[in-house]
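Spelled out from the first residue to the last, the chains are:
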Amino acid sequence: MLHFGVLEIETPLFLAIVTVLMMLLQLLLCFKAKRKMIKTLPIITFAAITAICLSLAPFFDGWDFVGIVFIAICAAVVVLACAAVLAIFAIIKKITKSIFHNSTTHSFSIGFNI
């Protein structure tokens, strides 16, 4: 159970909310960003957070250690979710590009051929 002032939220719910929000941000970046570096920015950021937390974890003990490992696990889950969104977007983009590239005649949805 996480406590944010008067708000108490279950840990899996918190992780799900953060993951879904980051997946939506990643999807927005996939559609709007032109440069690949910008598209991978959430993955790079949360991978760095995961690496920093895991490298600092041996220096803590008790509940501090648990907290650092929890942050690392949350960041790793977000990295995996954002990577999955990026991979699905790349696959769909490649499939749609090959479908539209291989068609010899372009037609509108109402049946007119160009």
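As the structure is a computational prediction, the values presented were derived from the model and not from experiment. (Residues numbered from 1 in each chain as written. Predicted model: local features only at pLDDT ≥ 70, side-chain atom pairs only at ≥ 80, totals over all residues. Heavy atoms only, no water.)

**Student:** Is there a simple way to explain the packing of helix α1 (residues 11-32) against helix α3 (residues 41-56) in this structure?
**Tutor:** Pairs of packed helices are described in terms of their axes, by the angle between the two and the distance that separates them. Close contact between α1 and α3 brings their axes to 9 Å; oriented N to C, the two are set at 140°. With respect to α3, the axis of α1 lies oblique. Contacts between α1 and α3 pair M22, L25, Q26 and L29 from the former with P42, I43 and F46 from the latter. Looking at the contact of α1 with α3 residue by residue, the classes come out as six nonpolar, one polar and no charged. (Axes fitted to C-alpha atoms, helices over the stretch in contact; angles between N-to-C directions. Helix = DSSP H or I, 4+ residues; strand = E, 2+ residues; numbered from the N terminus. Parallel < 35°, antiparallel > 145°, perpendicular 65-115°, else oblique. Contact = heavy atoms within 4.5 Å. Nonpolar A, V, L, I, M, F, W, Y, C, P; charged D, E, K, R; others polar.)

**Student:** What exactly am I supposed to notice about the side chain of T19 here?
**Tutor:** Position of T19 among the secondary structure elements: in helix α1. If we skip the residues at most four places from it in the chain, T19 touches V77, V78 and A81.

**Student:** Even after reading the chapter, I still don't get the nonpolar core, so can you show me in this structure?
**Tutor:** A general trend in soluble globular proteins is that nonpolar side chains are found buried together. M22, I43, F46, A75, V78, V79 and C82 together form the largest nonpolar core, which totals seven residues. Broken down by secondary-structure element, the contributors of at least two residues to this core are α3 and α4 (63-102). Of the residues forming this core, the biggest block, four residues, is contributed by α4. If sequence neighbours within four positions are ignored, I43 has contacts with Q26, V79, C82, A83 and L86. (Core = buried A, V, L, I, M, F, W, Y, C linked by side-chain atoms within 4.5 Å. Buried < 20%, exposed > 50% of the residue type's maximum accessible area, 1.4 Å probe, protein only.)

**Student:** How should I be thinking about the packing of aromatic side chains in this particular structure?
**Tutor:** Geometry of an aromatic ring pair is reported as the spacing of the ring centres plus the angle between the planes. Overall, the coordinates contain one aromatic pair when judged by the stated rule. Considering the side-chain rings of F31 and F89, the 5.1 Å spacing of their centres and the 80° angle between planes classify their relative orientation as edge-to-face. Placement of F31 in helix α1 and of F89 in helix α4 is noted, with a sequence separation of 58 residues between them. (Phe/Tyr/Trp six-rings, centres within 6.5 Å; stacked < 30°, edge-to-face > 60°.)

**Student:** Looking at this structure, how should I read a nonpolar patch on the surface?
**Tutor:** A cluster of nonpolar side chains, namely I52, L56, F59, F60, W63, F65 and V66, defines an oily patch on the protein surface of about 790 Å² accessible area. Broken down by secondary-structure element, the contributors of at least two residues to the nonpolar patch are α3 and α4. If you tally residues by element for the nonpolar patch, the top one is α4, at three residues. Mapped onto the secondary structure, F59 falls in the loop between α3 and α4. Classification of F59 as exposed rests on a relative accessible area of 68%. (Patch = residues over 30% accessible without salt bridge, like charges linked within 9 Å, V, L, I, M, F, W, Y side chains within 5 Å. Areas by Shrake-Rupley, 256 points an atom, 1.4 Å probe, with all protein chains shown as cover. Salt bridge = Lys/Arg side-chain N within 4 Å of Asp/Glu carboxyl O.)

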